[in-house]
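Here are the chains, one letter per residue:
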Amino acid sequence: MLELRPFSSLGGAHHGWLDAHHHFSFAEYYDPQRMSWGNLRVWNDDIIAPGTGFPTHPHRDMEIITYVREGAISHQDNLGNKGRTEAGDVQVMSAGTGIAHSEYNLEAGDTKIFQIWILPTETGAPPSWGAKPFPKGEREGFVTLASGKDGDDQSLRIRADARLVAANLKAGETAEYRLDAGRRAYLVPATGAIDVNGLRAQARDGVAVAQEQVLTVTAIEDSEVVLVDLA
């Protein structure tokens, strides 16, 4: 089962400095049909204007992944972590018992991110933060970027029964992703247009997946695809 959630159907708000679109209920956007997908709670599509960002604010007991689509995001938190994550790269934050952080676009142009929140498998753990480069030109098929699953040792670690993967496909190229029995997925083409198991999705559309064993993704045009494998 695949359900297309067109970008035009997403909730959101334009705050001047922030153009935000929400795949799931968030902040002032509420849709009882779009509260979560498995243990995926939030998928926000944010465009942050230059010289602006999110001032220091707290989180607790949530796994938060930031996938940078364009530009760069600069992070600072009360644990002493500082980092700048560029397009194609990923940062993860395990909020645990509590963490306060800020995220700013210190670049000359807009920064575009996906911010993804996943419910943790354990609560009350110490908070942590990490980032890692994943050059787009070095991806063949789907590459694991962040994971809480055993065996994904080269990826950033999260405390959730989930895996974040991404693929960069030229027009006409195909990549497959296999789901274990009972798993769900949520997939968004950051750019381009794709066919996934016969369903066409445009850039920034969401595709909710259930009861599928193999996802065959073909790029109709050059595409960047982000997928989360979920409990």
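In the annotation of an unreviewed UniProt entry, the entry for the chain reads Pirin family protein, and the organism field reads Pseudomonas ekonensis. UniProt annotates the chain under Sequence similarities (unreviewed entry) with the comment "Belongs to the pirin family."

Draft legend 1. Inspection of the UniProt feature "domain: Quercetin 2,3-dioxygenase C-terminal cupin" (unreviewed entry) in the chain at higher detail. As recorded in UniProt, the sites labelled "domain: Quercetin 2,3-dioxygenase C-terminal cupin" (unreviewed entry) are residues 146-230. Along residues 146-230 one finds 0% helix and 66% strand; the C-alpha atoms at either end are 12 Å apart.

Draft legend 2. Focus on the pairing of strand 7 (residues 72-77). A large share of strand 7 lies buried, amounting to 5 of its 6 residues. Direction of pairing for strand 7 relative to strand 8 (residues 82-86): antiparallel, over a ladder of 5 bridges. Across the sheet, residue Ile 73 finds its bridge partner in strand 8, namely Thr 85. The hairpin turn running from strand 7 into strand 8, its antiparallel successor, is 4 residues long, and Gly 80 in that turn takes a positive phi close to 95°.

Draft legend 3. Examining the UniProt feature "domain: Pirin N-terminal" (unreviewed entry) in the chain more closely. In this structure's numbering, the residues bearing the UniProt feature "domain: Pirin N-terminal" (unreviewed entry) are residues 12-118. Along residues 12-118 the backbone is 0% helical and 58% strand, and the end-to-end C-alpha distance reaches 19 Å.

Draft legend 4. Structural context of the nonpolar core. One finds Trp 43, Ile 65, Val 90, Ile 116, Ile 118, Leu 164 and Tyr 186 to be the most contacted residues of the largest nonpolar core, which totals 28 residues. What Ile 65 contacts, discounting residues up to four positions off in sequence, is Val 90, Gln 91, Val 92, Phe 114, Gln 115, Ile 116, Ile 118, Ala 146, Ile 158 and Leu 164. Formed by 19 residues, the second largest nonpolar core is a distinct cluster that contains Ala 175, Leu 179, Val 207 and Ala 219.

Draft legend 5. Representation of the pattern of salt bridges. Applying the stated criterion across every chain yields a total of 13 salt bridges. As a salt-bridge pair, Lys 112 and Glu 70 come within 3.6 Å of each other at their nearest N and O atoms. Taken together, the positions of Lys 112 in strand 11 (residues 111-118) and Glu 70 in strand 6 (residues 63-70) put the pair 42 residues apart, joining distant regions of the chain. Exposure remark for Glu 70: the relative accessible area of 39% places this residue in the partly exposed category. Residue Arg 183 is joined to Asp 229 by a salt bridge in which the shortest nitrogen-to-oxygen separation is 2.9 Å. Here Arg 183 is found in the loop between strand 16 (174-178) and strand 17 (184-196), whereas its partner Asp 229 is found in strand 20 (residues 214-230), with 46 residues between them in sequence. Residue Arg 183 is classed as buried on the basis of its relative accessible area, which comes to 10%. Owing to a relative accessible area of 2%, Asp 229 belongs among the buried residues under this scheme.

Draft legend 6. Quick look at the sheet that holds strand 9 (residues 90-94). An order of 2-3-4-11-6-9-12 is seen for the 7 strands of this open sheet, with the pairing classed as antiparallel. Either end of the sheet is taken by a strand with one partner, and the two such strands are strand 2 (11-14) and strand 12 (128-132). Between one strand axis and the next, the sheet turns through 15° on average, direction left out of account. Here 5 bridges tie strand 3 (residues 18-22) to strand 4 (residues 40-48), and the two strands are oriented antiparallel to one another. Paired with His 22 across the two strands is Asn 44, which belongs to strand 4.

Draft legend 7. Representation of unusual backbone geometry. Not every positive phi belongs to a glycine, and Asp 61 is a case in point at roughly 45°. Inspection of the secondary structure assignment puts Asp 61 in the loop between strand 5 (53-59) and strand 6. Phi at Gln 211 takes a positive value of approximately 60°, unusual for a residue other than glycine. A residue is classified by how much of its surface remains accessible, and Gln 211, at 74% relative accessible area, is exposed.

Draft legend 8. Structural context of the sheet that holds strand 5. As summarised here, the arrangement of the 4 strands in space is 5-10-7-8, forming an open sheet in which the pairing is antiparallel. The open sheet has two edge strands with one neighbour each: strand 5 and strand 8. Strand-to-strand, the axes of this sheet are offset by a mean angle of 20°, without reference to chain direction.

Calculation rules
Residues numbered from 1 in each chain as written. Predicted model: local features only at pLDDT ≥ 70, side-chain atom pairs only at ≥ 80, totals over all residues. Heavy atoms only, no water. UniProt positions renumbered as here; feature names shortened; annotations may be inferred. Helix = DSSP H or I, 4+ residues; strand = E, 2+ residues; numbered from the N terminus. Buried < 20%, exposed > 50% of the residue type's maximum accessible area, 1.4 Å probe, protein only. Pairing = 2+ DSSP bridges. Core = buried A, V, L, I, M, F, W, Y, C linked by side-chain atoms within 4.5 Å. Contact = heavy atoms within 4.5 Å. Salt bridge = Lys/Arg side-chain N within 4 Å of Asp/Glu carboxyl O. Axes fitted to C-alpha atoms, helices over the stretch in contact; angles between N-to-C directions.

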